[in-house]
Amino acid sequence: MITKRIVLHFPHRLADQPIVYKLVKDYDLEFNILKAYIAPEKGGLLVLELSGEDKNYEQGIQYLKRIGVKVQALSQDIIRNDRRCSHCSVCVPICPAGAFLVEPLTREVHFDDSKCIACGVCVKACPLRAMEVRF
Ligand code: SF4
Ligand code: SF4
């Protein structure tokens with residue numbers, strides 16, 4: 001038996017396909033959706049806790065990769081070093097989970113880590129290296 005937390009990146013063409021249902025039906029896996037984000041034009045992201053027999057789990061992951069879903073382990077947390085952040089807002093439009101919000105009056109950028117799906121996009125994009133991966 002195996003249980004893992006994973007992030008699935010869906011291309012647009014797969015966004016309305018019953019992929020998770022197939023994992024349950026064809027591979028006898030159990031799932032718990034931790035977070036989901038669908039952008040109609042861009043595809044979607046799903047953070048799942050997935051469990052099942054080792055062989056079924058591996059076959060389920062192979063199925064996902066075969067149809068074009070990118071599978072990433074969710075083994076990391078993203079934190080912001082507030083002393084470095086200059087509130088430049090570069091991260092705001094690029095975060096697929098909408099974890100950054102600009103305060104309208106002060107223009108300060110707030111980071112809501114409960115929305116973060118640990119995709120790592122902001123870590124690479126932040127010019128001041130304020131977003132960090134904590135393993
Ligand atoms: S890109 Fe970096 S410095 Fe700019 S607002 Fe985001 S976290 Fe702060
Ligand atoms: S890692 Fe950064 S870009 Fe990715 S979801 Fe978290 S806050 Fe957003």
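See above for the structure.
Residues numbered from 1 in each chain as written. Chains lettered and ligands numbered in written order. Predicted model: local features only at pLDDT ≥ 70, side-chain atom pairs only at ≥ 80, totals over all residues. Heavy atoms only, no water.

Student: Just to check I follow, could you spell out unusual backbone geometry for this structure?
Tutor: Peptide bonds are mostly trans, and most non-glycine residues show a negative phi. Look at Ser 89: it is not a glycine, yet its phi comes out positive at around 70 degrees. One can find Ser 89 in the loop between strand S5 (77-80) and helix H3 (91-94). Phi is positive for Arg 129, close to 55 degrees, though the residue is something other than glycine. The topology assignment puts Arg 129 in the loop between helix H4 (121-125) and strand S8 (131-134). (Helix = DSSP H or I, 4+ residues; strand = E, 2+ residues; numbered from the N terminus.)

Student: Help me understand the site of ligand 2, please; the structure alone is not making it clear to me.
Tutor: Around ligand 2 lies a shell of 14 residues, among which Cys 95, Cys 116, Cys 119, Gly 120 and Cys 122 are the nearest. Taken together, the residues of the shell around ligand 2 sort by class into 13 nonpolar, one polar and no charged. (Near = heavy atom within 4 Å. Nonpolar A, V, L, I, M, F, W, Y, C, P; charged D, E, K, R; others polar.)

Student: I would appreciate a short explanation of the pairing of strand S1 (residues 2-10) in the present structure.
Tutor: For a regular strand, the rule is simple: side chains alternate between the two faces of the sheet. Relative to strand S3 (residues 43-52), S1 runs antiparallel, the two sharing nine bridges. Paired with Ile 6 across the two strands is Leu 48, which belongs to S3. In the sheet, S1 pairs with strand S4 (residues 70-73) via four bridges, with the strands oriented antiparallel. Across the sheet, Leu 8 pairs through a bridge with Val 71, a residue of S4. (Pairing = 2+ DSSP bridges.)

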